[in-house]
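Residue-level structural notes
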Amino acid sequence: MSNPILQVRDLRVYYYTERGPVKAVDQVSFDLDPSMRLGLVGESGCGKSTMAMGFMRLIRPPGRIQSGQILLDGVDLTRLSQEEMRQTRLRKIALIPQGAMNSLNPVMRVKDQIADGILDHGEALSAVMMRERIAEVLESVDLDPRVANMHPHELSGGMKQRVCVAIAISMRPKVVIADEPTSALDVVVQRQVMETIQRLQQEMGISVILIGHDMGLMAQSVERLVVMYAGRLVEISQVADLFHDPLHPYTQALISSLPTLRQKGVFRGIPGITPLLLNAPEGCLFYPRCPKPRDVCKDRTPLLQEVKPAHWVACHPYGGAA
Amino acid sequence: MTAILELRNATKIYSSGLINKRVTVALDQVTFAIEGENPMITAIAGESGSGKTTMGMLMLGFLEPTDGHIFYDGRDLWKSSKEEWIRFRREVQAIFQDPFEVYNPFYKVDHVLTVPIEKFKLANSKQEARSKMEEALEAVGLRPGETLGRYPHQLSGGQRQRITVARALLLNPRVIIADEPVSMVDASLRATILESLRKLNREMHIPIMYITHDLATAYHICQNIIVLYRGSVAEAGDVDLIIREPQHPYTQLLVGSIPWPDPDRKWGAGQFMAKGEILGGYGHGCRFAPRCPVAMPVCREQQPPLYRTHGTRAAACYLYKDSPTLEGRDIGRVLNQ
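Please read all numbers here as calculations on a predicted model, not as lab measurements. (Residues numbered from 1 in each chain as written. Chains lettered and ligands numbered in written order. Predicted model: local features only at pLDDT ≥ 70, side-chain atom pairs only at ≥ 80, totals over all residues.)

Here's the deal with the overall build of chain B
Helices and strands together make up the secondary structure of chain B, namely eleven helices and twelve strands. Viewed in the frame of its principal axes, chain B has a C-alpha envelope of about 70 × 50 × 45 Å. Across chain B, contacts joining residues at least 24 apart in sequence account for 63% of those joining residues at least 6 apart. (Helix = DSSP H or I, 4+ residues; strand = E, 2+ residues; numbered from the N terminus. Contact = placed C-beta atoms within 7 Å.)

Some details on the nonpolar core
With 201 residues, the main nonpolar core has Ala 166, Val 176 and Ile 177 of chain A together with Ala 166, Tyr 210 and Ile 225 of chain B as its most contacted residues. Here the element with the most residues in this core is helix H5 (residues 157-169) of chain A; it accounts for eight residues. Look past the residues within four positions of Ile 177 of chain A in its chain and what remains in contact with it is Ala 52, Phe 55, Leu 95, Ile 96, Ile 209 and Ile 211 of chain A. (Core = buried A, V, L, I, M, F, W, Y, C linked by C-beta atoms within 7 Å. Buried ≥ 20, exposed ≤ 12 C-beta atoms within 10 Å, placed from the backbone.)

Digging into the interface of chain A and chain B
On the chain B side, the residues contacting the 36 residues of chain A number 32 residues. Going through the elements one at a time, H5, helix H6 (187-204), helix H7 (215-221), helix H8 (239-244) and helix H9 (249-256) of chain A are the ones with two or more residues in the side of chain A that touches chain B. Among the elements that take part in the side of chain A that touches chain B, H7 of chain A stands out by supplying five residues, more than any other. A class-by-class count of the residues in the side of chain A that touches chain B yields 17 nonpolar, eleven polar and eight charged. (Nonpolar A, V, L, I, M, F, W, Y, C, P; charged D, E, K, R; others polar.)

Let's talk about the packing of helix H3 (residues 110-120) of chain A against H5 of chain A
All names here are of chain A. With their axes 9 Å apart at the nearest point, H3 and H5 run at an angle of 30 degrees to one another. Classed by the angle they form, the pair H3 and H5 counts as roughly parallel. Two packed elements cross with a definite hand, and for H3 against H5 that hand is right-handed. Residue-level contacts link Val 110, Gln 113, Ile 114 and Gly 117 of H3 to Val 163, Ala 166 and Ile 167 of H5. (Axes fitted to C-alpha atoms, helices over the stretch in contact; angles between N-to-C directions. Parallel < 35°, antiparallel > 145°, perpendicular 65-115°, else oblique. Left-handed = near helix turned anticlockwise from the far one by under 90°.)

So, the sheet that holds strand E3 (residues 37-41) of chain A
Residues and elements named next belong to chain A. Read from one edge of the open sheet, eight strands run E6-E7-E8-E3-E9-E10-E12-E11, paired in mixed fashion. The open sheet has two edge strands, strand E6 (93-96) and strand E11 (305-308), and neither has a second partner. On average, adjacent strands in this sheet sit at an angle of 20 degrees to one another, irrespective of strand direction. Alignment of strand E10 (residues 232-238) against strand E12 (residues 311-313), held across two bridges, turns out to be antiparallel. Its bridge partner lying in E12, Ile 236 is registered against Trp 312. (Pairing = 2+ DSSP bridges.)

Points about H3 of chain A
Residue and element names in this part refer to chain A. Of all the positions in H3, only Val 110, Gln 113, Ile 114, Ala 115 and Ile 118 are classed as buried. Tucked into the core, H3 has its buried residues touching helix H4 (127-140) and H5. Looking one or two residues beyond H3, the residue adopting positive phi is Gly 122, at roughly 75 degrees.

Some thoughts on the environment of Asp 67 of chain B
All names here are of chain B. Here Asp 67 shows up in strand E4 (residues 67-72). The spatial distance from the C-alpha of Asp 67 to the C-alpha of Phe 88 is 21 Å, given a sequence separation of 21 residues. Excluding residues that lie within four positions of it along the chain, Asp 67 makes contacts with Asn 9 and Thr 11.

With respect to the sheet that holds strand E6 (residues 92-95) of chain B
Adjacent strands of a sheet form backbone hydrogen bonds with each other and so pair up, either parallel or antiparallel. All names here are of chain B. Ordered in space as E6-E7-E8-E3-E9-E10-E12-E11, the eight strands form an open sheet in which the pairing is mixed. Looking at strand neighbours, the two that pair on one side only are E6 and strand E11 (307-310), the edges of this open sheet. Going across the sheet, the axis of each strand differs from the next one's by a mean of 20 degrees, ignoring polarity. Note that strand E3 (residues 41-45) and strand E9 (residues 224-229) share four bridges and pair parallel. Directly across from Ala 43, in E9, lies its bridge partner Ile 225. Strands in contact with helix H1 (residues 52-59) are E3, strand E7 (175-179), strand E8 (208-212) and E9; relative to E8, the strand with the most contacts, it is inclined by about 150 degrees.

Here we look at unusual backbone geometry
Along the chain, Pro 61 of chain A connects to Pro 62 of chain A via a cis peptide bond; the corresponding omega equals 10 degrees. Although it is not a glycine, Gln 27 of chain A adopts a positive phi angle of roughly 55 degrees. In this fold, Gln 27 of chain A is placed in strand E2 (residues 20-32). The partly exposed category is assigned to Gln 27 of chain A, around which 18 C-beta atoms lie within 10 Å. The residue Glu 180 of chain B is not glycine, and still its phi comes out positive at about 50 degrees. Within the secondary structure, Glu 180 of chain B is located in the loop between E7 and helix H7 (187-203).

Side note on the pairing of strand E10 (residues 232-238) of chain B
Residue and element names in this part refer to chain B. Counting buried positions over the seven residues of E10 gives six, a clear majority of the element. A loop of two residues connects E9 with E10, the two strands running antiparallel in sequence, and Arg 230 in this loop sits at a positive phi of about 45 degrees. Pairing of E10 with strand E12 (residues 313-315), which is carried by three bridges, proceeds in the antiparallel orientation. Paired with Glu 235 across the bridge in E12 is Ala 315.

What about the confidence of the model for chain B?
Residue and element names in this part refer to chain B. Averaged over every residue, the pLDDT of chain B is 87; the share at 70 or more is 95%. This model gives residues 273-281 a pLDDT under 50, and the stretch forms eleven contacts once residues within four places in sequence are excluded. Both confidence scores are given for the complex: pTM 0.85, ipTM 0.79. (pLDDT = per-residue confidence, 0-100.)

This is the structure in structure tokens:
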């Protein structure tokens, strides 16, 4: 087995507000293998987008990376200088931010927006080579090379989203993070975009982190899934194992809140609301909503433990009280 | 017995441009009635641009049909008197997609509940108004003490959306039209909101039109479904039949793309025009023909009628031309009533 391409160790990203620190990402550790599709799922406000911005070192004050390591191919991103980090972005790790397709420049042609990133990262290509590179990346996201000469308003939502994917892979990074890449798209287009991303992972060996709240989309498009709750990771597993045998009560509730084809009319919401991450207490943060709480859960934070091969969970009844 | 709300050949055409007029048929001759006898939940499904919101707007009286008629209690809505309009506005209620834009951030959330009470003079005293509000909130599973007196930013998206359901309920409506009520809410909270809609339908006998692009939730809460493609009805009927065995190639594509939360049930292998999506105009034929994998020459010449392929379903596709055509294109005939 090859070494993980990305290793996150005890990452903490806090926002310092006037009322105290908000622990948006707390004690997060996990590995991402080369050429793997990993899903990161959680409700809004659980810190999943903050985590993505953390990996890119794009956290702005009052937020900051408090501590921890982000090892990309053995290099700790948290220790790079601003300029080194700038060169790492797009070249080694790329982000497709939430709503990216609406942030394409409306007065620039697609080809110039793709070239922009490549040139800015110091790649000196001749005009002919640049044209070839642009045609190549468009081709790889299933777009006609003629799209290069178009403006964003001439494209449909799915095509715009694919242009964003093309920009992200234009320098062949090792890791691509996609934050809710299909949230505004119809199911058919959503599936096409996801299939494109999947193909890139398979053909170019890119590792993909897919961020979202749609467990259905995750079941269809990733291999391994990380479940996040209130800034912490609560469960990590291969996707099939996670759906067949969810261990954490939050994951169980999340799965039973979904409509499936098998049982009609049997799906229910998760009672209660997500906790405020301001001055978060000790103990398990899911405790107030948990259907099977124990006394220990209130006082001690459960740690992620491997309770089955490649299946990790942070929950006391599974022995996480170490 | 007359239907509560009826669309008869309702058509909406938008035109734009002064010199080169461009015409978009947003909804093409839809005939359909909401009965009050056995109130059902009916989904109007389709992708963006399918005309589902236009259909909702027509039913809400926000848009006037370009052609055809809308009847409320058997009377032409657009020929109604002022009093009839006021009654219509109270009895046909809407729930919209965005639980953020409905609220004015400077007012407490109570505002969205007190305004309709005042406008429609639903209460004679402050206490009566208060108890009506509490009753409506409880009906959608909210605790009044935790909701009233708060500002919108203090509540979650799910809570805010449930307050808009409570607002609709407050007016004691005869029909509710919900346009994408859960698409902006977290997946884990959708179930709760949909459950409160289902409760309104079952316990208060209110027929609901559920406008959505999400077939998975439509399958769960609805009895009937109408699938629109570019303004015309592709398929309609019993939701179980249609989701389990879609007949129209477009519905097959849609159903095949539902991301079911089940790793054992993967997206189908069917590839439908991933490259080069077709944008813009269409000729006389079936609107799906340019993307259809089984299109025949006839599909490009003439728009297919609705064929009644089963007692409770119809599909607008020449594959089913051996079935009888649906009388008067009236979708109501194949819906569960």
